[in-house]
Amino acid sequence: MTQSVLATKSKHLHTLVQGDRLQGRYAVGRQLGAGGMGAVYEAIDERLQVTVAIKETFAVDDRLRRQFEQEARLLAQLHHPALPRVSDYFTEDGRAFLVMQFIGGDDLAQIIAQQPGPFPRAEVIAWADQLLDALIYLHTRERQIIHRDIKPHNLKLTASGQIALLDFGLAKAHLGDQTTTQSSHSIFGYTRRYSPLEQIQDQGTSPQSDIYALGATLYHLLTGAKPPDALARAAALANGKPDPLVRADQLQSIIGAELSNVLEKALALNSCDRFQTAKMFREALRAVGRTELRNQSAAGEATNGSRTSGFDPFDSYSILKPDQMIMLSAKRSWSIPTAVCAVAVLLALAFIASSFVASAVDSDRSVTDYIKATATRSSNANSNARESHAEKPRSISNASPMPLATQDAPPAGDKQKRNGKRSNTRPVEPPTPSLGPALRLPAQ
């Protein structure tokens, strides 16, 4: 039975070649990869003129075909930057195909093969934060999705530095993975070096299964060594031997004890001993970053006495986090001498401003008093002038030596002359008061 299934799979492995057309619109290009349950091809959507990825399933059982279609419909509803978008599903010549977003770049397994050894610690933590954000999205949906096959082969690094999670249980085993079992178990999809014990023993999977697989992947990326498979670890413990899983910080000291403890918890054989949610896993990684930040800050203060402005470096690692998670900015701290100087400057400015206002008020008062005094002096001068004009006729009449009786009865001729003179002479009007002297300074 197994041989017939494998034969059927082998017959379909290379049925699509470059130049084939599907649905009259997809021009098939090179093969991107193949696994125990299917193959993936690069293709051109001639209708939209875009590059897509087409996945073919090797399943011949009707139940597996229905499951493939169901997963295709489910994946088409996903919208996350770390997950490829599904755009089409169809069957042709008795075969089922899935069309999804094409993500260029190499997968991490190819990069490991080209450059053996551990990856930079900060870079791996950045990828972990992005992947955990995607797992939180998948695990907390109304219809929970378990990936079940997280490993370097299914993680593709884009040109922008983002990480993408591929193959949602569709290509369970990669032919190029030497750690993948070549028995009938590969049909059910597990990779011994990265899969948890419950998945290898076909006891069902849960979100903790993805946490184990991601922990094993991070262990490999950080140490440069593949972790031992869960079945060998369980057998060693059952025989009273130590766990063959070596702590990560013993292989690479730069990893540190705290990060090694996080990986050890994620790789626990018993699912109850692992992080129960992807969110808890991510918070544990960020807690390591905060502890390291405090240690670096304390070391900086001890050496040069200056406080290191801090932010959570793990918050800046995630390129694909939700919008509400914003990188924390450094808070500015003021020293006591700086604060005292700032207060003194403010007080000096306030004193200068108050002095300027007071001097302006005094100047206005002086000008007002001066104008009033000038107006008063001018008014007194005008009054004196009018009084001098009024007293001048009196002095002329008083100077006459004539007796009172003669004055009361003047001669007729003189009287006529005076009357004639009065009739011909117009009375002198008093001068019109002028405002000019009031505005000029009186002569001293």
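Residues numbered from 1 in each chain as written. Predicted model: local features only at pLDDT ≥ 70, side-chain atom pairs only at ≥ 80, totals over all residues. Heavy atoms only, no water.

A. Focus on the overall build of the chain. Tallying secondary structure elements over the chain gives 16 helices and eight strands in all. For the chain, with 444 residues in total, the buried portion stands at 38%. Of the contacts made within the chain by residues no fewer than 6 positions apart, 59% connect residues no fewer than 24 positions apart. For the chain, the exposed surface amounts to about 26,400 Å²; the carbon and sulfur share of it is 56%. (Helix = DSSP H or I, 4+ residues; strand = E, 2+ residues; numbered from the N terminus. Buried < 20%, exposed > 50% of the residue type's maximum accessible area, 1.4 Å probe, protein only. Contact = heavy atoms within 4.5 Å. Areas by Shrake-Rupley, 256 points an atom, 1.4 Å probe, with all protein chains shown as cover.)

B. Here's a closer look at the pattern of salt bridges. What the rule picks out here adds up to 14 salt bridges. A salt bridge links Arg247 to Asp249, with the shortest nitrogen-to-oxygen separation between them at 3.2 Å. Where salt bridges share partners, they join Glu56, Asp93 and Arg95 into one cluster. (Salt bridge = Lys/Arg side-chain N within 4 Å of Asp/Glu carboxyl O.)

C. Fine view of the sheet that holds strand β5 (residues 86–92). Strand order across the open sheet formed by six strands is β1-β2-β3-β4-β6-β5, with antiparallel pairing between neighbours. Pairing within the sheet leaves two strands with one partner each, and these edge strands are β1 (21–22) and β5. (Pairing = 2+ DSSP bridges.)

D. Representation of unusual backbone geometry in the model. Backbone geometry places Gln23, a non-glycine residue, at a positive phi of 55°. Structurally, the position occupied by Gln23 is in the loop between β1 and β2 (26–34). Here Gln23 falls in the partly exposed class, since its relative accessible area comes to 38%. Look at Arg148: it is not a glycine, yet its phi comes out positive at around 75°. Tracing the sequence through the fold places Arg148 in the loop between α4 (121–139) and β7 (155–157).

E. Just the packing of α4 against helix α7 (residues 207–223), in detail. Here α4 crosses α7 at 170°, and the two axes come no closer than 11 Å. Compared by their axis directions, α4 and α7 come out roughly antiparallel. Crossing angle aside, the handedness with which α4 passes α7 is right-handed. For the pair α4 and α7, the contacting residues are Arg121, Val124, Trp127, Ala128, Leu131, Leu132, Leu135 and His139 in the first and Pro207, Asp210, Leu214, Leu218, Leu221 and Leu222 in the second. A class-by-class count of the residues in the contact of α4 with α7 yields eleven nonpolar, one polar and two charged. (Axes fitted to C-alpha atoms, helices over the stretch in contact; angles between N-to-C directions. Parallel < 35°, antiparallel > 145°, perpendicular 65-115°, else oblique. Left-handed = near helix turned anticlockwise from the far one by under 90°. Nonpolar A, V, L, I, M, F, W, Y, C, P; charged D, E, K, R; others polar.)

F. Highlighting the packing of aromatic side chains. Considering all chains together, one arrives at four aromatic pairs under this definition. Between Phe119 and Trp127 the ring centres are 5.5 Å apart and the planes differ by 70°, which places this aromatic pair in the edge-to-face class. On the basis of relative accessible area, Phe119 is assigned to the buried category, the value being 12%. Taking relative accessible area as the criterion, Trp127 reaches 3% and is therefore assigned buried. Between Phe275 and Phe281, the ring centres sit 5.0 Å apart and the planes meet at 10°, which makes this aromatic pair stacked. (Phe/Tyr/Trp six-rings, centres within 6.5 Å; stacked < 30°, edge-to-face > 60°.)

G. Geometry of helix α8 (residues 230–238). The complete set of buried residues in α8 reads Ala230, Arg233 and Ala236. Taken down its axis, α8 places every buried residue within 125° of arc, on the same side. Its side-chain oxygen 3.1 Å from the backbone nitrogen of Leu231, Asp229 forms the N-cap of α8. (Arc of directions from axis to C-beta. Polar contact = N/O pair within 3.5 Å; in protein donor to acceptor, adjacent residues only side chain to side chain.)

H. Region of interest: the environment of Leu135. Its location among the elements puts Leu135 in helix α4. On the accessibility criterion, Leu135 (1% relative accessible area) is buried. Once the C-alpha coordinates of Leu135 and Thr277 are considered, the two residues, 142 residues apart in sequence, prove to be 9.0 Å apart. If we ignore the near neighbours within four places in the chain, the residues touching Leu135 are Ile150, Leu165, Asp210, Leu214 and Ala278.

I. A look at the nonpolar core. In this structure, Leu108, Leu135, Leu214, Phe281 and Leu285 are the most contacted members of the largest nonpolar core, which totals 62 residues. Ignoring anything within four residues of it in the chain, the contact list for Leu108 reads Trp127, Pro152, Leu155, Leu157, Ile163 and Leu221. (Core = buried A, V, L, I, M, F, W, Y, C linked by side-chain atoms within 4.5 Å.)

J. Focus on the side chain of Lys151. Counting through the fold element by element, Lys151 comes out in the loop between α4 and β7. Relative accessible area serves as the criterion here: at 1%, Lys151 is assigned to the buried category. A distance of 3.0 Å separates the side chain of Lys151 from the side chain of Thr191, its partner in a polar contact.

K. Structural view of a nonpolar patch on the surface. A surface patch of nonpolar side chains, amounting to about 310 Å² of accessible area, comprises Val345, Leu346 and Leu349. Judged by relative accessible area, Leu346 falls into the exposed class, the value being 58%. (Patch = residues over 30% accessible without salt bridge, like charges linked within 9 Å, V, L, I, M, F, W, Y side chains within 5 Å.)

L. Layout of the confidence of the model for the chain. Per-residue confidence for the chain gives a mean pLDDT of 74; residues scoring 70 or more make up 61%. This stretch, residues 391–409, has a pLDDT under 50; its non-local contacts, to residues over four places away or in other chains, come to two contacts. (pLDDT = per-residue confidence, 0-100.)

M. Representation of the packing of α7 against helix α10 (residues 257–266) in the model. Relative to each other, α7 and α10 sit at 140°, their axes nearing to 8 Å. It follows that α7 is oblique to α10 by the angle criterion. Here α7 runs over α10; the crossing is left-handed. For the pair formed by α7 and α10, the contact residues are Ile211, Tyr212, Gly215, Leu218, Tyr219 and Leu222 on the first element and Leu259, Leu263 and Ala266 on the second. The class makeup of the residues in the contact of α7 with α10 is eight nonpolar, one polar and no charged.

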